[in-house]
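# Commentary on secondary and tertiary structure
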Amino acid sequence: MTATLRHLFLASLWRRRLPTALSVLAIALGVALGLAVQLIHRGALDEFQRGVRILNGQADLQVLAGASGFDDALFAAIAELPEVAAASPVLELSARLPGSRETLRILGVDVLSLAAVNAALMPEPANADVANAPKSDSESEPAPDPDAPQSDARRSPPDLLATLREDALFLSPAAAERLELKPGDSLTLQAGTEELRLRVAGSVPSAGVGQELAVMDIAAAQWQFSRLGVLSRIDLRLRENLPPAQARAAIAAQLPPGLTVLPPEQAASESLGLTRAYRVNLTMLATIALLTGGFLVFSTQWLAVVRRRQELAFLRALGLTRAELWRGLLAEGALLGLLGGLIGALLAYLLAALAFTAVGGDLGAGFFRGLNPQLSWQWLATLSYVALGVGAGLAGAWLPAREAARTAPAQALKAGDEAEAYRARPRWTLALGSAGLAALLCTLPPVWGIPVFGYLAVLLILLAAILTLPGVTRLLGWLRFGLVFAAGPIPRLAQARLTAAPGQTVVAGAGVVASVALAASMAVMVDSFRGSVDDWLTRMLPADLYLRASDASASGFLAPDQVEQVRALPGVWELYPVRFDSVRLDSARAAPSQPDRSSRKDKQQGDSQLESGEFANSQLENVGPAVSLIARRVDGAGGLPLVAGSLQRREDALPPAWISEALADQRGLGVGDRLELPFGGTLRAFTIAGIWRDYARQHGSIVIRMDDYRALSGDTLTNDLGLMLAPDADPEAIMHSIRTALGDSVSEMILPGDLRAMILTVFDRTFLVTYLMEGVAVLIGLFGIATTFAALASSRRKEFGILRHLGLNRGDIGRLLGLEAALGALLSVLVGLIAGGGIAWVLIEVINRQSFHWSMELAVPVVLLTLFATTMVVLAAAAARVAGNQAMRQDAVLAVREDW
């Protein structure tokens, strides 16, 4: 019986080569996109984690602060703690290359303590450095034995002296390759608005493949980059046989506000958390594309079952059991899914390889930019997506297989019984139930930061839309929709056919509804997001010209005297200085204000817990990633795009702070709550005056007034400077004057229009992969239209033959099919647009808010959606018309003879 099943069922796929190929291609595209996203992200993630392991070495814990760092006097106190076996201070810098947007990551290290914590970062001076090191006669060394083994850990005194020179820089192999430098060359970097000239004194050979960084002595780095007395972190190795949690709590109890102690993997996960939501969203889009491919399998299999209805009934009469028929038809769907999954997996690896070659590990949103990951075989992910392809094929074949197995052979052998397969009952109860359940799921919170229930709501909305197709098609008869086009037999025949056989619309329109709903929802979401970002940029960029020494995270800055130089230039009317920093908050220091009802006894108990470290241990799990701190002007033209609160300051209240939506959601904060921020190791209280919309910082941000920031921190430097110009001032002339005053290569200037266009270009690039997946889903829907109506025209040859005998010519048959397709596609497109509107709301208000904590104003691209809907209807009519011409090539008598 196995050979019989193979011949009767699997071989039939070969006889239906075009529908089979399109079904396989649809599944392959869905599998390829989803798996490619996983492969690209996995490769970038592996390379990122490899670099983290190299940078962290054997460190068990890291003491961290915000971007401005902390006082290096704390190092001695931490290193002397009984829980610490070894400690290594680190100053991490992002040094800008003058005249370029590129930066170089520099780690200032103490080579005397580095080997005990992270030997992989030990610099190795070049031979020239050793030869040029000053020596006395008594320090001369014997010639080295070439046969003696060399140890990386052993350093001679001249080697150590070479690493301590204030102009010595040691490059990793990847950095030396990118910068095209070798030992002895010089490299110019930027500190503030000054240019530094450092010498490549050697390499960091153990830094790993693909890790672009440089190492220099920490004292030299502090001196050269004006960071005297500042550390970025302290790497700690704990004593053996000491519980890490206990040691962490003890160390945390000794830290001033603004500092935290984390395991290295947790510190790295703060960066990785930014990529997860983006990757999950792309994966869900690929899954929906795969689901659309499953609908195409459903359409082709259903039509194949209808065409073979009498053949399958004859086999049942000859002894084929219902279970064997069921298994055979499911095997067809499984084979389609397997072929699509295997082809899709190969395409995924090809796409990932091309992506790594072209853009590295960046998926379009800027994550993992600069990494050079390697493509590796991912067995689990590959098998999972192949299994998803098989599942899509089985899901698409399930309903046709059930219909064929449930049909009585005697009934199916009757001529004209094919029409019974297209009779579908309205499923209003199931549709309303699916929509109601989707609405309920939208109220549920995310799971581990992933909007799982939001994605389930999207699938339920799609299901509800498809379930409404039979009922919506029946409305054609009630509304007499055919009379809208013209009076005559062909519109009435088209209307009667669709009304009597609503299942035809379901078969032809299921894939159309899914693809149109996906395309429409993404168009609404992207248009809403882009419009909101454009409006946000208008509010955030009020000045006529912008000046900065470097990116906020890099080594450039403007000193007060340079700001005054710019202020004094002719044509400059007003300045808007901005300073960027970051702070670390915990739940105890950033929580909604509550009445203090604790007793004196409770306070004393809390103090004793703090002294013993128990309180610190209880708060460790509540420590979040660093939050951006922005000091700037808030009133007037420099106002913030608020969603709650006010920009007004009450003189009798605490200094105001404005937090972003992300921080408000993550911390449960609201307007009027008390917020404590660390400045110089001391907590300073603020009142949350408002919540603002920030599309640039996913971890959250806090805005305070520049005067408050400078009074509390003593920091007078500036990152960005907005210039309001006089009405008759020439921006180009003022930019020339600034270059003359500050230097050509150490400052960046841009007009607000150019800056807005640049940011929106980055926005469009971010959604490039989204557009690709949306296009694939639409393409699959068009495949479904073409395949469905070609098969429908072929299966209705007898009906068309009778109509020919009644007086219709081939052109009339073509117009009939085209009108049926146009009406069916129009209904499907309208249902898809309505479903797309619901999905767009879920994307904007649920998935986007739970993933990124961003709100946006709803915008519907009416013109684009109208053009898209019209195109889909016209293509459906054209495909059906061509299919009708093919079906009517044979003589009408031969078509009708099949009934005689």
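Reading guide: rules and limits
- Residues numbered from 1 in each chain as written.
- Predicted model: local features only at pLDDT ≥ 70, side-chain atom pairs only at ≥ 80, totals over all residues.
- Heavy atoms only, no water.
- Helix = DSSP H or I, 4+ residues; strand = E, 2+ residues; numbered from the N terminus.
- Buried < 20%, exposed > 50% of the residue type's maximum accessible area, 1.4 Å probe, protein only.
- Contact = heavy atoms within 4.5 Å.
- Areas by Shrake-Rupley, 256 points an atom, 1.4 Å probe, with all protein chains shown as cover.
- Phe/Tyr/Trp six-rings, centres within 6.5 Å; stacked < 30°, edge-to-face > 60°.
- Axes fitted to C-alpha atoms, helices over the stretch in contact; angles between N-to-C directions.
- Left-handed = near helix turned anticlockwise from the far one by under 90°.
- Nonpolar A, V, L, I, M, F, W, Y, C, P; charged D, E, K, R; others polar.

What follows is about the overall build of the protein. Along its length, the protein carries 31 helices and 22 strands. For the protein, the residues scored as buried account for 53% of the 900 residues in total. Looking at the protein alone, contacts between residues at least 24 apart form 84% of all its contacts between residues at least 6 apart. Here the protein has roughly 40100 Å² of accessible surface; of this, 59% comes from carbon and sulfur atoms.

What follows covers the packing of aromatic side chains. Summed over the entire model, instances satisfying the criterion amount to 10 aromatic pairs. Measuring from ring centre to ring centre gives 4.4 Å for tyrosine 349 and tryptophan 377, while their planes differ by 10 degrees; the resulting arrangement is stacked. With tyrosine 349 in helix α12 (residues 322-359) and tryptophan 377 in the loop between α12 and α13 (379-406), this residue pair connects regions lying 28 residues apart in the sequence. Under the relative-accessibility criterion, tryptophan 377 is labelled partly exposed at 43%.

Take the packing of helix α20 (residues 560-567) against helix α25 (residues 731-742) next. Packing of α20 against α25 brings their axes to within 10 Å, and their N-to-C directions diverge by 150 degrees. The interaxial crossing formed by α20 with α25 has right-handed handedness. The residues of α25 that touch α20, namely those facing Gln562, Gln565 and Val566, are Ile738, Ala741 and Leu742. Considering only residue class, the contact of α20 with α25 consists of four nonpolar, two polar and no charged.

With that out of the way, let us pick up the environment of leucine 808. When you line up the elements, leucine 808 lands in the loop between α28 (797-805) and α29 (810-852). For leucine 808, a relative accessible area of 16% gives the class buried. Placed 319 residues apart in sequence, leucine 808 and proline 489 show a C-alpha to C-alpha distance of 9.8 Å. In contact with leucine 808, other than residues within four places in its own chain, are Leu493, Leu803 and Ile813.

The subject of this paragraph is the environment of alanine 219. With respect to the helices and strands, alanine 219 occurs in helix α8 (residues 218-224). Taking relative accessible area as the criterion, alanine 219 reaches 43% and is therefore assigned partly exposed. In this structure the C-alpha to C-alpha distance between alanine 219 and valine 230, which are 11 residues apart in sequence, comes to 9.8 Å.

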